[in-house]
Amino acid sequence: MSVKTDTEVIIGGKVFTLSGYESEEYLQKVASYINNKLSEYNKVESFRRQPQDTQNVLMQLNLADDYFKARKQISLLEEEIQSKEKELYNLKHELIASQIKLENMEKNIKGLQTEVNDSARKIVRLETELKKQQ
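Residues numbered from 1 in each chain as written. Predicted model: local features only at pLDDT ≥ 70, side-chain atom pairs only at ≥ 80, totals over all residues. Heavy atoms only, no water.

*Asks:* What should I look at first to understand the overall build of the protein in this one?
*Replies:* Within the protein, the secondary structure is distributed over three helices and two strands. Ordered by position from N to C terminus, the α and β elements of the protein give β-β-α-α-α. Computed over the C-alpha atoms, the radius of gyration of the protein is 38 Å, more than 25% above the 14 Å expected from 2.2 N^0.38 for a compact globule of 134 residues. Based on the C-alpha atoms only, the size of the protein along its principal axes is roughly 120 × 40 × 20 Å. Taking the intrachain contacts of the protein between residues at least 6 apart in sequence as the baseline, contacts between residues at least 24 apart amount to 19%. Looking at the protein as shown, the accessible area adds up to about 11,700 Å², and 56% of this sits on carbon and sulfur atoms. Here the protein contributes 21 positive and 22 negative side-chain charges, whose respective centroids are spaced 7 Å apart. (Helix = DSSP H or I, 4+ residues; strand = E, 2+ residues; numbered from the N terminus. Rg over C-alpha atoms; globule rule 2.2 N^0.38 Å. Contact = heavy atoms within 4.5 Å. Areas by Shrake-Rupley, 256 points an atom, 1.4 Å probe, with all protein chains shown as cover. Lys, Arg positive; Asp, Glu negative; His and termini not counted. Charge placed at Lys NZ, Arg CZ, Asp CG, Glu CD.)

What follows is the structure, given as structure tokens:
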């Protein structure tokens, strides 16, 4: 089992102690993400004029929006991966079928080459017999 991590972070100018089974680096990254969002929204005059509870709700809505957009992106990427895996599977099967076809053609060519060689020997033999008869 992982070791629980406690780390102090600063969010919105206040110190918080975060605890979790993630690394301290990860917890700091989460706090940094929240701080970046706060900084982004505090640049907007209409946001700053809102009461604190409204600001909190707006921030939560924005974070939820980011979350759902990220989930949708993950879903789209997973669908793309499945599509690519299916395409790769089909291409592998096509390659195997082509290799089998090539092997069969090579065998066929060898057989035909043997026939050509046999026919050439037969022609030489028949020509030789014909010359002897003349």
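*Asks:* Before we go on, may I ask you to explain helix 3 (residues 52–133) in this structure?
*Replies:* In an α-helix, one turn spans 3.6 residues, which is why side chains three or four residues apart end up on the same side. Over its 82 residues, helix 3 extends 118 Å from the first C-alpha to the last, a length consistent with the 122 Å expected when each residue adds 1.5 Å. When we look at burial in helix 3, the residues that qualify are Gln55, Met59 and Asn62. On the buried face of helix 3, the contacting elements are helix 1 (24–42) and helix 2 (45–48). (Expected span 1.5 Å × (residues − 1). Buried < 20%, exposed > 50% of the residue type's maximum accessible area, 1.4 Å probe, protein only.)

*Asks:* Honestly, the packing of helix 1 against helix 3 in this entry has me stumped. Any pointers?
*Replies:* At their nearest, the axes of helix 1 and helix 3 sit 11 Å apart, and the two run at 120° to each other. It follows from the interaxial angle that helix 1 and helix 3 lie oblique. Along this stretch, helix 1 crosses helix 3, giving a crossing that reads as right-handed. Taken together, the residues of helix 3 that come into contact with helix 1 (itself represented by Tyr33, Ile34, Lys37, Leu38 and Tyr41) are Met59, Asn62, Leu63 and Asp66. (Axes fitted to C-alpha atoms, helices over the stretch in contact; angles between N-to-C directions. Parallel < 35°, antiparallel > 145°, perpendicular 65-115°, else oblique. Left-handed = near helix turned anticlockwise from the far one by under 90°.)

*Asks:* How should I be thinking about the environment of asparagine 108 in this particular structure?
*Replies:* Here asparagine 108 lies in helix 3. Residue classification places asparagine 108 among the partly exposed residues on the basis of a relative accessible area of 47%.

*Asks:* Honestly, a nonpolar patch on the surface in this entry has me stumped. Any pointers?
*Replies:* On the surface, Val57, Leu58 and Leu61 cluster together into a nonpolar patch covering about 250 Å² of accessible area. Mapped onto the elements of the fold, leucine 61 is located in helix 3. Classification of leucine 61 by relative accessible area gives exposed; the value is 54%. (Patch = residues over 30% accessible without salt bridge, like charges linked within 9 Å, V, L, I, M, F, W, Y side chains within 5 Å. Salt bridge = Lys/Arg side-chain N within 4 Å of Asp/Glu carboxyl O.)

*Asks:* Looking at this structure, I do not really get helix 1. What am I missing?
*Replies:* With 19 residues, helix 1 should cover 27 Å at 1.5 Å per step; its first-to-last C-alpha distance of 27 Å lies within 8% of that length. Here helix 1 has its buried residues at Leu27, Ala31, Ile34 and Lys37. Down the axis, helix 1 shows its buried residues gathered within 115° of arc, on one side only. Residues of helix 1 that are exposed and point over 90 degrees away from its buried face: Glu25, Lys29 and Asn36. Residues of helix 1 that are buried sit in contact with strand 1 (5–11), strand 2 (14–20) and helix 3. (Arc of directions from axis to C-beta.)

Taken by themselves, the reported measurements are silent on function.
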